[in-house]
Amino acid sequence: MFNSEFNDFAANPYLDLYPSHLRSQIDEINEWVYDGINNGVYRCGFAKKQGPYNEDILEKQRYLCGSSLTEADIRLFVTLLRFYEVYVVHFKCNKMMVHGYPNLFNYTKDIFQYPGMSSTVNMAHIKSHYYGIIPSINPFGIIPIGPNIDYSSSHDRARFST
């Protein structure tokens, strides 16, 4: 669905984020990205007690499934993009910062700079949504002003270009 149902609205409807030859790899990566990262920030944010809260792939290749941007990358990107602006403060995910993982931070900037991607990011909306919908975490609806990360700054991911 994610790969085709929005083609009528897409600036690049021919971008195949779920190519048939990578589907099993994408599905496998999506599973651990969801469990360990996408959903991990929520487990921290809604934790009732203190407790324990792979950039290896990105050290060897540009994207999670090799040299092509896929659905798995988009799934990870949306969490990484929200990390500083929402998850560090709102969900108290501050044990390690994304910039402490150079491959992840540069990967996030690389995907943000992918043609057409930055126009899909509305950080003001993301922040107002997260900080406004969970009164048990933010009873006064205060929306932090920063940190305003510059995802358009240079990155080192072109080293994997063919």
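Higher on the page you've got the structure.
Throughout this document, residue positions are counted from 1 along each chain, in the order its sequence is written. pLDDT decides what is reported in this predicted model: residues at 70 or higher carry local features, side-chain atom pairs at 80 or more are listed and counted, and totals for whole chains, interfaces and linings draw on all residues regardless. The side-chain numbers reported here are obtained from all heavy atoms of the structure, hydrogens and water having been left aside.

Enquirer: Hey, could you run me through the overall build of the protein chain in this one?
Expert: In terms of helices and strands, the protein chain carries six helices and zero strands. Put simply, DSSP marks the helices as runs of H or I at least four residues long and the strands as runs of E at least two long, and each gets a number from the N terminus on. The secondary structure elements of the protein chain, listed N-terminal to C-terminal, are α-α-α-α-α-α. For every accessible area listed, the method is Shrake-Rupley and the probe measures 1.4 Å; residues are considered covered only by the protein chains on display. Carbon and sulfur atoms make up 55% of the accessible area of the protein chain, which amounts to about 9,800 Å² in all.

Enquirer: Teacher, can you tell me more about the packing of aromatic side chains here?
Expert: Under the pairing criterion, centres of Phe, Tyr and Trp rings, with the six-membered ring standing for Trp, must be within 6.5 Å; the plane angle then separates stacked pairs below 30 degrees from edge-to-face pairs above 60, leaving the rest tilted. All chains considered together, the criterion is met by three aromatic pairs. Plain terms: the ring middles of Phe83 and Tyr84 are 5.7 Å apart, the flat faces sit at 85° to each other, and that makes the pair edge-to-face. Of the two residues, Phe83 and Tyr84, both sit in the buried class. For every residue, the accessible area obtained with a 1.4 Å probe (protein chains only) is divided by the maximum for its type, and the residue is called buried under 20%, exposed over 50%, and partly exposed between those limits.

Enquirer: Can you help me understand the pattern of salt bridges in this one?
Expert: Pairing of side chains with opposite charge becomes possible as their charged atoms draw close. Should a side-chain nitrogen of Lys or Arg be within 4 Å of a carboxyl oxygen of Asp or Glu, the pair is scored as a salt bridge. A complete count under the given rule lists three salt bridges for this structure. Salt-bridge contacts for Arg62 lead to Asp110; the nearest nitrogen and oxygen are separated by 2.8 Å. Placement of the pair is Arg62 in the loop between helix H3 (55–60) and helix H4 (71–90) and Asp110 in helix H5 (residues 102–112), with a sequence separation of 48 residues. Residue Arg62 is classed as buried on the basis of its relative accessible area of 17%. You can call Asp110 buried: its relative accessible area is 4%.

Enquirer: Looking at this structure, I do not really get helix H6 (residues 123–133). What am I missing?
Expert: An α-helix turns once per 3.6 residues; consequently, residues spaced three or four apart project the same way. Among all positions in H6, only Met123, Ile126, Lys127, Tyr130 and Tyr131 are buried. For H6, the arc enclosing every buried residue in end-on projection is 105°, short of the 170-degree limit, so these residues lie on one face. Facing away from the buried side of H6 by over 90 degrees, the exposed positions are Ala124, His125 and Gly132. Note that the arc is defined by the directions from the helix axis to the C-beta atoms.

Enquirer: Even after reading the chapter, I still don't get the environment of Arg62, so can you show me in this structure?
Expert: Separated by 44 residues in the primary sequence, Arg62 and Asn106 have C-alpha atoms spaced 9.8 Å apart. Setting aside chain neighbours within four positions, we find Arg62 in contact with Tyr107, Asp110, His155, Arg157, Ala158, Phe160 and Ser161. Engagement of the side chain of Arg62 in a polar contact is seen with the side chain of Asp110, the distance being 2.8 Å. Note on contacts: a residue pair qualifies if any of its non-hydrogen atoms lie within 4.5 Å across the two residues. Any pair of nitrogen or oxygen atoms within 3.5 Å is treated as a polar contact; in protein, a donor-acceptor pairing is required on top of that, and neighbouring residues in sequence qualify only through side-chain atoms on both sides.

Enquirer: Would you mind showing me how to read H5 here?
Expert: H5 sits mainly inside the fold: ten of its eleven residues count as buried. Inspection of H5 places Asn103, Leu104, Phe105, Asn106, Tyr107, Thr108, Lys109, Asp110, Ile111 and Phe112 among the buried residues, and these make up the whole buried set.

Enquirer: Hey, could you run me through the environment of Ile74 in this one?
Expert: Along the chain, Ile74 falls in helix H4. With 43 residues separating them in the primary sequence, Ile74 and Met117 have C-alpha atoms 9.8 Å apart.

Enquirer: In this structure, what is going on with the side chain of Thr70? I would like to understand it.
Expert: Relative to the helices and strands, Thr70 resides in the loop between H3 and H4. Apart from residues lying up to four places away in sequence, Thr70 is in contact with Leu17, Pro19, Leu22, Ile26 and Cys65.

Enquirer: Would you mind showing me how to read unusual backbone geometry here?
Expert: Backbone geometry follows two general trends: most residues other than glycine have a negative phi, and most peptide bonds adopt the trans configuration. The amide bond that connects Gly146 to the next residue, Pro147, takes the cis arrangement and shows omega of 5°. Relative to the helices and strands, Pro147 is located in the segment after H6. The residue Asn148 is not glycine, and still its phi comes out positive at about 55°. Tracing the backbone shows Asn148 in the segment after H6.

Enquirer: Explain the nonpolar core here, please?
Expert: Among the nonpolar cores identified, the biggest contains 34 residues, and Leu64, Leu69, Leu76, Tyr84, Val98, Tyr107 and Ile111 are the most heavily contacted of them. Ranked by residue count, the leading element in this core is H4, at eleven residues. Every residue in contact with Tyr107, bar those within four places of it in the chain, is listed here: Leu58, Arg62, Tyr63, Leu64, Asp73, Leu76, Leu80 and Arg157. Residues grouped as a nonpolar core are buried Ala, Val, Leu, Ile, Met, Phe, Trp, Tyr and Cys residues, joined through side-chain atoms within 4.5 Å.

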